[in-house]
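# Descriptive analysis of the structure
Below, each chain spelled out in residue letters.
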Amino acid sequence: MDTNDVDDEEFGFSRNYFLAKELGSSGKKSTHKLSNIDPVDEQELREAIANIEPKHESEIASLMNGYRSSYSKCGFSLLMYGFGSKKALIEDFASMTLTEYGVLVINGYLQSINLKQMLIALAELLWDQLKTQRRTPSGNSSKVQQPFNSRSVDDLLAFLDGPQVEGDECFVCVVIHNIDGPGLRDSETQQYLARMAACSHVSVVASIDHVNAPLWMPVNNLYTICRERFLVSSQVTLNSHLTEFKDHELVKIRRHSDGQDCLYIPLATEALEKLILEISQ
């Protein structure tokens, strides 16, 4: 087939496509109305749905059993990602593995999630565990007995990370479904979540559901990382550096459909790896 034949074929396809659209738009409008639709009884619909045979049921069961065999090898903390719901797997892991610890389950996909209430609940769980094991130093009793709901977020994090016990025997576990949910996605909350996960008496088992989470989560934590490494002392300084990097096209910013800004370096992976290797030498 020569070039002219290809052009003629593409032209014919395009002409037929637009002709069909034109003929379709010039036809009569449908006389069907919503009021003419015979609605299905709700109970019949539920019964029909219940009778639908689940697909890949044996494969899913086999996959779950494979994961269960690895439960004893898992450490803390865990962050699960990938396509499909991870809720059943995480809750199965928690019910079988975290039986010796206080566990708090958070549905992060809810918009009404409250970070401080989460930290208060974790602090109360840890305090109950400390009282049970009688490992709270008497010198700190007055401070510990202060109501947790009257403390600031920083004080709650300090308690969860404090030296109340000797060793690593006291843990509270927080299970977060969708740690990148709409109520937890802002930069400040992500920084607090990172601090919570770093507390010595807290273990986190969480899932990521947002398709772009691996892109925007590092951006939200960028200031925290830079501050810990003494690269910047304030958010204003970081923004100033980023503006300069952007002007020189060292970094670029892309805004996703969810409104989050994503920073990225416009270099190939191989070039970045080579640059990091040269800097580290």
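### Topic: the nonpolar core
Core analysis: the biggest nonpolar cluster contains 31 residues, and Met118, Leu160, Val174, Ile176 and Met196 have the highest contact counts within it. At the level of secondary structure, the elements contributing two or more residues to this core comprise strand S2 (102–107), helix H5 (115–133), helix H7 (153–161), strand S3 (172–177), helix H8 (187–197) and strand S4 (202–207). Of the residues forming this core, the biggest block, nine residues, is contributed by H5. Those residues in contact with Met118 that lie beyond four places of it in its chain are Leu104, Ile106, Val174, Ile176, Leu193 and Met196. Counting residues in each nonpolar core, the second largest holds 10 residues, with Tyr71, Ile90, Phe93 and Ala94 among its members.

### So, H7
Inspection of H7 places Val153, Leu156, Leu157, Phe159 and Leu160 among the buried residues, and these make up the whole buried set. Take H7 and look down its axis: the buried residues cluster within an arc of 155°, on one side only.

### Brief notes about the sheet that holds strand S1 (residues 78–80)
Read across the sheet, four strands follow the order S1-S4-S3-S2 without closing on themselves; strand pairing throughout is parallel. Among the strands making up the open sheet, the edge pair consists of S1 and S2. Strand-to-strand twist in this sheet, taken as the mean axis angle between neighbours without regard to direction, amounts to 15°. Where S1 and S4 come together, three bridges link them in parallel fashion. From the neighbouring strand, Leu78 faces S4, where its bridge partner is Val205.

### Overview of the side chain of Ser207
Within the fold, Ser207 resides in strand S4. Ser207 sits in the buried class, given a relative accessible area of 3%. Here Asn178 takes part through its backbone nitrogen, which lies 2.9 Å from a polar atom of the side chain of Ser207.

Rules and cut-offs
- Residues numbered from 1 in each chain as written.
- Predicted model: local features only at pLDDT ≥ 70, side-chain atom pairs only at ≥ 80, totals over all residues.
- Heavy atoms only, no water.
- Core = buried A, V, L, I, M, F, W, Y, C linked by side-chain atoms within 4.5 Å.
- Buried < 20%, exposed > 50% of the residue type's maximum accessible area, 1.4 Å probe, protein only.
- Helix = DSSP H or I, 4+ residues; strand = E, 2+ residues; numbered from the N terminus.
- Contact = heavy atoms within 4.5 Å.
- Arc of directions from axis to C-beta.
- Pairing = 2+ DSSP bridges.
- Axes fitted to C-alpha atoms, helices over the stretch in contact; angles between N-to-C directions.
- Polar contact = N/O pair within 3.5 Å; in protein donor to acceptor, adjacent residues only side chain to side chain.

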